[in-house]
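Here is how the chains run, residue by residue.
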Amino acid sequence: MASVVGDGAVALHEPRFRGNEWIYLKECLDSTFVSSVGKFVDRFEDDLAAFTGAKRAVAVVNGTAALHVSLLLAGVEAGDEVLLPALTFIATANAVAYCQATPHFVDSEERSLGMDAHALRDYLSAMTELRGGHCINRSTGRVIRAMVPMHTFGHPVDIEALLAVAHDFRMQLIEDAAESLGSTVGGRHTGTFGLMGTLSFNGNKTITTGGGGAILTNDLELGARAKHLTTTAKVPHRWSFVHDEVGYNYRLPNLNAALGCAQLEQLPGFLLEKRRLFDCYQSRFADVTGVRLVAEPAGCRSNYWLQTLLLDESLSGQRDAILTATNDSGLMTRPVWTLMHRMPMYSNTPKAPLPVAESLERRLINIPSSSGLVPVNS
Ligand SMILES: *Cc1c(COP(=O)(O)O)cnc(C)c1O
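Residues numbered from 1 in each chain as written. Predicted model: local features only at pLDDT ≥ 70, side-chain atom pairs only at ≥ 80, totals over all residues. Heavy atoms only, no water.

Caption draft 1: Structural detail: the overall build of the chain. A tally of regular secondary structure across the chain gives ten helices and 16 strands. Taken over C-alpha atoms, the radius of gyration comes to 21 Å for the chain, in line with the 21 Å a tight globule of 378 residues would show. Seen through its C-alpha atoms, the chain measures out along the principal axes to roughly 65 × 60 × 35 Å. By residue count, 56% of the 378 residues in the chain fall in the buried class. Relative to all contacts within the chain whose residues are 6 or more apart in sequence, the contacts with residues 24 or more apart total 69%. Surface accessibility of the chain: about 15,900 Å² in total, with carbon and sulfur atoms responsible for 56%. Within the chain, one finds 33 positive and 39 negative side-chain charges whose respective centroids are separated by 3 Å. (Helix = DSSP H or I, 4+ residues; strand = E, 2+ residues; numbered from the N terminus. Rg over C-alpha atoms; globule rule 2.2 N^0.38 Å. Buried < 20%, exposed > 50% of the residue type's maximum accessible area, 1.4 Å probe, protein only. Contact = heavy atoms within 4.5 Å. Areas by Shrake-Rupley, 256 points an atom, 1.4 Å probe, with all protein chains shown as cover. Lys, Arg positive; Asp, Glu negative; His and termini not counted. Charge placed at Lys NZ, Arg CZ, Asp CG, Glu CD.)

Structure representation (structure tokens):
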């Protein structure tokens, strides 16, 4: 059944609640465990770890909080720099700023829409030096402590090449996997390659908890630290309130986790439907010149979170006319995010040359992507 939003338009991405959502939410209400402690929080974390293959998953209040705490645990400190794509959602940059560190924007590649490992290696070779085991930006004198590649619209970034760059330039790698639940590289789930990976369960993501996020890690000690730091750093005790560091109230409420458990059960079906939708669009656009549908990179499996058109450069001047015509006719389409260095608060931060990101910014259009837009066996 075609889905419509309030004004009769086909939505860009809307949630589907066709499973045990009502049952699990009722269980929460009946048990009175609606808040930050409850069996669904533990179950959601275990289910996420099982699905992704991560040794530990820690559920948190949203994806931005997951990024914030992951950066802190990676050792990002005030005055550091952190590399991230200029082509990302604002949360990636804001999480760096929350650590009083400076985002340092780098270019993307057309193949994956994510950070370009080869351009990055050349850039770092030219403008950094290793001192005291740290990567120092020679023009600012600051430590580049970490990089945060992001799996754009669910398409896996070239993570192995980026891990090699992070290793060679002595920095930590945190994956912003907010958009890529269900996406894999060589069979391994995105978000499990770096020191930590972060997920989002916002209302527009592949599965939703209303609002929510998670930290993935294969380091059990880091996982325990993440749980502690996101739950006010309270020392476990039957009645005493002792907190051993400045922690955060970033817990995911049990109500939201209940929704997450029900959604996760349906994820394999959602992924099939999203792939089917890609196939449909692919066959419809095959004969259209000047535009192509973004497909998963070789060797990877994308969750196809948001279906994406890429216009030829010669047609980039038509982008706004296409956005206007589609939205006017009831099909919700959107341009990609405005690049991070154009935001007033990030306009004076360091950045690499961004020719590909700037070109992609002019040419990318997201089109309706909800699971179930086309039935799997139609
Ligand atoms: C959705 C998203 C996040 C996290 O968003 P929240 O709304 O805080 O859950 C982070 N990074 C990217 C790239 C995202 O798309």
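Caption draft 2: Representation of the sheet that holds strand β11 (residues 213-217) in the model. Here seven strands make up an open sheet; going across it, the order is β1-β11-β10-β7-β6-β2-β3 and the pairing mixed. Both outer strands of the open sheet, β1 (56-60) and β3 (102-106), are each paired with one neighbouring strand and no more. Sheet twist, expressed as the mean angle between neighbouring strand axes with direction ignored, is 25 degrees. As paired elements, strand β2 (residues 81-85) and strand β6 (residues 144-147) share three bridges and run parallel to each other. Its bridge partner being in β6, Glu 81 is matched across the sheet by Ile 144. (Pairing = 2+ DSSP bridges. Axes fitted to C-alpha atoms, helices over the stretch in contact; angles between N-to-C directions.)

Caption draft 3: Summary view of the nonpolar core. Ranked by size, the top nonpolar core spans 46 residues in total, and within it Leu 71, Val 82, Phe 153, Ile 215 and Leu 364 carry the most contacts. Contributions of two or more residues to this core are made by β1, α3 (63-73), β2, α4 (90-98), α7 (220-230) and α10 (355-363). Tallying contributions element by element places α3 first for this core, with six residues. Per-domain counts for this core show at least three residues from each of domain 1 (21-264) and domain 2 (267-367). In this structure, Ile 215 is in contact with Arg 56, Ala 57, Val 58, Val 60, Ala 66, Val 69, Ser 70, Met 196, Gly 197 and Ala 226, ignoring residues within four places of it in sequence. Grouped together as the second largest cluster of nonpolar side chains are 26 residues, Ala 49, Ala 59, Leu 264 and Phe 270 included. (Core = buried A, V, L, I, M, F, W, Y, C linked by side-chain atoms within 4.5 Å. Domains from an automatic or database assignment.)

Caption draft 4: Highlighting the pattern of salt bridges. One pass over the structure, following the stated rule, counts 22 salt bridges. When the shortest N-O distance is used, the salt bridge between Arg 131 and Glu 129 registers 2.9 Å. Relative accessible area serves as the criterion here: at 46%, Arg 131 is assigned to the partly exposed category. Each of Arg 43, Asp 47 and Glu 265 takes part in a single network of salt bridges with overlapping partners. (Salt bridge = Lys/Arg side-chain N within 4 Å of Asp/Glu carboxyl O.)

Caption draft 5: Molecular detail of the site of the ligand. Near the ligand you find 15 residues, and of these Gly 63, Thr 64, Glu 179, Ser 200 and Lys 205 are the closest. For the ligand, an oxygen atom lies 2.8 Å from a polar atom in the backbone of Gly 63. Glu 179 has a polar side-chain atom sitting 2.5 Å from an oxygen atom of the ligand. Here the ligand loses 91% of its free accessible area of 380 Å² to cover by the protein chains. Put simply, the parts of the chain that give the shell around the ligand at least two residues each are α3 and α4. In the shell around the ligand, the residues fall into four nonpolar, eight polar and three charged. (Near = heavy atom within 4 Å. Polar contact = N/O pair within 3.5 Å; in protein donor to acceptor, adjacent residues only side chain to side chain. Nonpolar A, V, L, I, M, F, W, Y, C, P; charged D, E, K, R; others polar.)

Caption draft 6: Quick look at the sheet that holds strand β9 (residues 188-189). As summarised here, the arrangement of the three strands in space is β9-β8-β13, forming an open sheet in which the pairing is antiparallel. Looking along the sheet, the strands with just one partner apiece sit at the ends: β9 and β13 (300-301). Two strands pair when backbone bridges link them, and strand β8 (residues 184-185) and β13 are joined in this way by two bridges, in the antiparallel orientation. Among the inter-strand pairings, Thr 184 is bridged to a residue of β13, identified as Arg 301.

Caption draft 7: The packing of aromatic side chains, seen in detail. A complete count under the given rule lists seven aromatic pairs for this structure. Between Tyr 281 and Phe 285, the aromatic rings sit 6.4 Å apart at their centres with planes inclined by 45 degrees, giving tilted as the arrangement. Taken together, the positions of Tyr 281 and Phe 285, both in helix α8 (residues 254-285) and four residues apart, correspond to about one turn of that helix. By relative accessible area, which is 16% here, Tyr 281 ends up buried. (Phe/Tyr/Trp six-rings, centres within 6.5 Å; stacked < 30°, edge-to-face > 60°.)

Caption draft 8: The arrangement of the domain arrangement of the chain in detail. Split by domain assignment, the chain resolves into domain 1 (21-264) and domain 2 (267-367). Averaged C-alpha coordinates put domain 1 and domain 2 at centres separated by 24 Å. Contacts between the two partners involve 47 residues from domain 1 and, on the opposite side, 42 residues from domain 2. Each partner contributes to the roughly 3,500 Å² buried at the junction of domain 1 and domain 2, and carbon and sulfur atoms together form 67% of this total. As a salt-bridge pair, Glu 110 and Arg 292 come within 3.6 Å of each other at their nearest N and O atoms. Linking domain 1 with domain 2 are 19 residue pairs in polar contact (both at pLDDT 80 or more). (Buried area = accessible area lost by both parts, 1.4 Å probe.)

Caption draft 9: Focus on helix α2 (residues 39-52). End to end, α2 covers 20 Å across 14 residues, agreeing with the expected 20 Å (1.5 Å per residue, within 8%). Taken as a whole, α2 has its buried residues at Phe 40, Val 41, Phe 44, Glu 45, Leu 48, Ala 49 and Thr 52. Of the residues one or two after α2, Gly 53 is the one with positive phi, at around 80 degrees. (Expected span 1.5 Å × (residues − 1).)

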